[in-house]
Structures are given as C-alpha cells and as structure tokens.
Amino acid sequence: MTLAATLLAAEGAESPLIPHAYELVVGSFAFLVVFLVVGKILTPRIQKTLAERTEAIEGGIKKAEDAQAEAQRTLEQYRAQLAEARQEAARLREEAREQGAAIKAELREEAQAEARRIIEAAHAQIEADRQQALTQLRGEIGRLSTELASRIVGESLEDEARQRRIVDRFLEELEGRPEAVR
C-alpha cells in the first residue's frame, strides 16, 4: 500500500485517504457542536439520571435492610411472646393441677365427713332400734314372766309396780350370770 500511495502522490492526484480542507473544518465544527451538546446538555442529564438510579438503588437496599431488620425484630418479639405464652400456659396448667388436687382433697374430705356422719347416724339409729327392741323385749318378757309367775304361784300379779320389780330383778339376775350359762 505504501507503494500505491506514493505513486498516487507523485502523479499529483488527490488521495482518497486524506480529506479536503473544507471537510476538516465542517467535521471539526460538527464535532465541537456534538461535543458541546453532549457535554453541556446530555452529560448532566445522564449523570442526574444515573445519580437518581444509584440513589434509588441504594435507597431500595437501605429500605430492604431496614425492612429485614424490622422483620427480624418482629420475629424476635413474636418468639419472645410465644415463649411467654408457653410459660403462661405451663403456669396455668400447674395452677389448674393444684386447684384440681385441692378440689379433689376437699371433695374427699367432704365425702369422708359425709360417710362419718352417715355411719354415726346409722350407729345412732341402730342404738335407738336396739333400745326400742330392748324396751319392747323387757315389756314382753315382763308380761310373759308375770303371766307365767301368776300361773305358777296361782295368784294374780296384776299390780303393775310389783310386776315391774319382779321383771327388773329377774333381768338383773340374767345379766349377772356368766356367759357360759346363757
């Protein structure tokens, strides 16, 4: 190529690689206009847009970090509340067990007291029935023994005071005998 360029330059013809002077002036002027437009108008707008985007991205990252920190704090609060609720539930269960045991003991005590009262009432009723039976038996024994004595003696023992003394003396003699004789 150098040879071809040298031959062309020697012939006096214009080289297609070298621009004309007026093209250089127009090209330089156009370059300066584009450079000024880009440098003075577009570059600040582009830088402003880039700064806004950077700020938005950084703000978004900051917001995301803040949101994540808030979420972490909230999670910790929920965990603390959950632990507190579990402790409260355990405490309530323990109180319920204690109250249940106290109620159970109270009911058992009441049942035992009621059972003692029923047993005492039954003993009292049995004693009253026994006394009534003894009274009836004494009266019946007295009547029968008076009737028997009247038949044996051959005289009437209708006097009530006499009957009572005889019956009482007879029963005392029976109660005073040893067990083997009965």
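About the criteria used
Residues numbered from 1 in each chain as written. Predicted model: local features only at pLDDT ≥ 70, side-chain atom pairs only at ≥ 80, totals over all residues. Heavy atoms only, no water. Helix = DSSP H or I, 4+ residues; strand = E, 2+ residues; numbered from the N terminus. Buried < 20%, exposed > 50% of the residue type's maximum accessible area, 1.4 Å probe, protein only. Areas by Shrake-Rupley, 256 points an atom, 1.4 Å probe, with all protein chains shown as cover. Salt bridge = Lys/Arg side-chain N within 4 Å of Asp/Glu carboxyl O.

Chemist: Is there a simple way to explain the overall build of the chain in this structure?
Modeler: Within the chain one finds 3 helices and 0 strands. Going residue by residue from the N terminus, the α and β elements of the chain occur as α-α-α. Taken over 182 residues, the chain has a buried fraction of 4%. Accessible surface for the chain amounts to roughly 16100 Å². Of this, 61% is attributable to carbon and sulfur atoms.

Chemist: Explanation requested: the pattern of salt bridges in the structure shown.
Modeler: It is possible for side chains of opposite charge to pair when their charged atoms get near one another. Counted according to the given criterion, the structure contains 9 salt bridges. As a salt-bridge pair, Glu94 and Arg97 come within 3.2 Å of each other at their nearest N and O atoms. With Glu94 and Arg97 both in helix H2 (residues 21–153) and 3 residues apart, this pair spans about one turn of that helix. What makes Arg97 exposed here is its relative accessible area of 52%. The structure contains a network of salt bridges with shared partners spanning Glu88, Arg91 and Glu95.

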